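# Structural features, examined
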Amino acid sequence: MRITPLSLLISASLLASSAFAQDTATVTGIDSEISVKQTEYDNSTRILEKHLKEESQLQNQLELLRSRSTELDKEKNQALDAMNEMYRRLIDDPTINISAAQSRYQKAVIDHKQNKDDISMQLAAIASHRKDIEQIRVAKHTLLNTLESLKEQLTTARVERLRNEFTREGTLEVNHTINCKRTETLAACEQRGQQMGLQKATKRFVDQIFANLTEERIVEPKRNLAGAQVQILSSHVVNSAFSGQGNYNVNLSVTMRGEVNSSRLCSLLSIDNRYCSEYGTPLTAAYQPAYNNTFTDSQLTFSNSADNSNTVSVSRLNEQPVRDYSVKPASVKKDYPSILNKKKDQSVELTLRSNVYDDEVFIDGVSFGSTRLITRLPPGIHNIEIRKLGYKPYQARVDLNKAQTINANLVKKPKSIAAPTYTREQPEVTIRQVSENVNVLNANVETPVVVIPAGKFKMGDINGNGLANERPVIEKVIANSFAMQSKEVTVGAYEKFVANTGYKTQAEKNKGCAYYLNGEPVWEANLNWRNPGFEQGSDFPAVCLTYNDAKAYAEWLSGQTGQQFRLPNEVEWEYAARAGTETEYPWGNEIGKNLANCGWCGSEWSNRRASPVGSFSPNAFGLYDTVGNVWEWTDKESGESDVAVRGGAWNFAPSLARASTRLILAPDFRSNYIGFRLVRER
């Protein structure tokens, strides 16, 4: 019997599904949006470069005008002296003509005044140009964040599309012929033929799934990592017959659904495992299951499951076939309602969840990976333990006789100093020193700092993933150790400063503070460090502060403590943030999940608001929140009109929270995603 081409036998649900078309449309749509935003970003870069070049030209012209002003002032004075001399001579000789001297002085005065007017106009032009540059920069930063956010969405959409493509449903019709053994009864031969037909159907179904993957070119070389399975939903015999030569031929129609270990999707797409963490424990690199491209009948196996369906695992092909088949013989051309009977599963389902990420579950002393975990265990008593570094272990003893879900709440251990021996957190002793403009607080002022050792490092885009302003990579030397605040300056600390001095921030005096709305910075007059647009406590980083607001706090703190505090320069900031590493983040080149508070970083605050300072583990120098939470002001370089902020923020993409990322802003810019920390001079 001729077998109908496979491509004609797969049902429409496998090859042409609106859901899968929608998945592809989503990916394509995001990809197109990325192209549009990339073009806009490139254009904004060119426009900014043009404006910066024009500003440089305006500054050069201003310097020429100022230089000419000195010359014109000198000429005016000389003309005045010459005219005065002519007036003295005129007293003795009234016939002397002084018009030339008068004309010279008049021209010198006019030229000098015109030059002053030109300087004023040039300053106004530069000021206007600066405003344009500030707007272009903020818009460019917005585009950059939008662009990186779209890339996050694109990767997530690719994972979801692949998962849906692996779990497609379809109906496959196969034809299979076997030679009956002389010792077999006709019923046994019929049963065996139908079993082999099922096996052929599942193998072809998996092949067809892989062949129809949108990213088949990327996934196929890693086919052995997929752990792909097939669940048989229903099957029936279309027709069957015995031949006179002792052969049995059966034509089966089998409806199946694909299954895949979703945590492995990231490995198949060569992307960070954080995109698949919601699906379960990622596949370890050491996992290498057997998955051949061709199979013999003896290799293909399937087993009963407890849900009225059959799961055929193509990653377990070397196991012995399951022999417990209760197949009812079917007459020729009659429906075959159920080929496989249920096999009762005596195990009980246990679901484990916890309030932390990257934990480890031990059941009866055996590691089962991390939560969220769904597993099946024999009925009876089981000891459950969930561990995570820095947290007290969660332990429970469970009498498992029916499906249960355990929600574990791990509690942080008391904080200890996680920095190396040369780094220690030092509460500063208040020195009651009064300056002319600052009164001493009655309460102590604490400034927890850590010592940053001397050393050298590579500064900039070491791994080639950064922006143009992060290049070239330059080796920098920190000749002397210095102290840096271990955490960002908090709302509570800034409150003490304001209460002591009556200082009003620029946001409070002017037009408020910026926040993000639909990916765009929007100014809100009522927003300031007290009310940044989200709920905050005294241990949150102080935001909605300008560069000058931060410097004012540093000057006050210096007066209160008798020690010199200031904003760190960019070299100091990046050196301290890297803490001896050359990776994008203190823990590696991938952002991971719930390791920092940035957009799409998996924390409870991501894309919602800032988090309390010190909510995540410190780096090797003992500094908290150098990745995400809020951007931090750095000290302005001499001669520069703009300032760099570093570190990323709660509403910016992970790629912008790298150690070397730098955004350039005007000193009077303020937003609810920018704060600061200080260094203390030796």
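Report on the accompanying structure. (Residues numbered from 1 in each chain as written. Predicted model: local features only at pLDDT ≥ 70, side-chain atom pairs only at ≥ 80, totals over all residues. Heavy atoms only, no water.)

### Details of the sheet that holds strand S13 (residues 449-452)
By way of backbone hydrogen bonds, the strands of a sheet pair with one another, either parallel or antiparallel. As a reminder, the rule being used: What makes two strands pair is DSSP finding at least two bridges between them. A helix here means a DSSP run of H or I that spans at least four residues, while a strand means a run of E at least two residues long, and both kinds are numbered starting from the N terminus. When checking whether two residues touch, look at their non-hydrogen atoms; a contact exists if any pair is within 4.5 Å. Under this scheme, a helix contributes an axis fitted over its contacting stretch, all axes are lines through C-alpha atoms, and angles between N-to-C directions fall in the 0 to 180 degree range.
Spatially, the 4 strands line up as an open sheet ordered S13-S16-S24-S19, and their pairing is antiparallel. In this open sheet, the two strands that pair with only one neighbour each are S13 and strand S19 (565-566). Bridge count for S13 against strand S16 (residues 482-485) is 4 bridges, and the pairing is antiparallel. Bridged to Val451 within S16 is Ala483. Sheet contacts for helix H10 (residues 570-578): S13, S16, S19 and strand S24 (679-680); angle to S16, the most-contacted strand, approximately 75 degrees.

### Some details on the packing of aromatic side chains
Using the following cut-off: Centres within 6.5 Å are what make two rings of Phe, Tyr or Trp a pair, Trp counting through its six-membered ring; a difference in plane orientation under 30 degrees is then read as stacked, over 60 as edge-to-face, and the rest as tilted. Residue exposure (1.4 Å probe, protein chains only): buried if accessible area is under 20% of the type maximum, exposed if over 50%, otherwise partly exposed.
Summed over the entire model, instances satisfying the criterion amount to 22 aromatic pairs. Between the aromatic rings of Tyr553 and Trp556, the centroid separation amounts to 5.6 Å while the plane-to-plane angle is 45 degrees, which identifies the pairing as tilted. With Tyr553 and Trp556 both in helix H9 (residues 547-561), this residue pair falls 3 residues apart, about one helical turn. The exposure class of Tyr553 is buried, given its relative accessible area of 2%. An angle of 55 degrees between the planes, with centres 5.1 Å apart, marks the rings of Phe652 and Tyr673 as tilted. In this pair, Phe652 sits in the loop between strand S21 (643-646) and strand S22 (662-665) while Tyr673 sits in the loop between S22 and strand S23 (674-675), placing the two residues 21 residues apart along the sequence.

### Concerning the pattern of salt bridges
Formally: Any carboxyl oxygen of Asp or Glu within 4 Å of a side-chain nitrogen of Lys or Arg constitutes a salt bridge here.
Taken as a whole and judged by the stated rule, the model has 35 salt bridges. We note a salt bridge from Glu215 to Arg158, for which the minimum N-O separation is 2.8 Å. Taken as a pair, Glu215 in the loop between helix H4 (186-211) and helix H5 (216-219) and Arg158 in helix H3 (residues 99-166) lie far apart in primary sequence, 57 residues in all. With a relative accessible area of 17%, Arg158 lands in the buried category. The shortest N-O distance in the salt bridge between Glu470 and Arg658 comes to 2.8 Å. Of this pair, Glu470 sits in the loop between strand S14 (455-459) and strand S15 (474-478) while Arg658 sits in the loop between S21 and S22; the two residues are 188 residues apart in sequence, bridging distant segments of the chain. One exposure class covers both Glu470 and Arg658, and it is buried.

The values are spatial; any link to function lies outside them.
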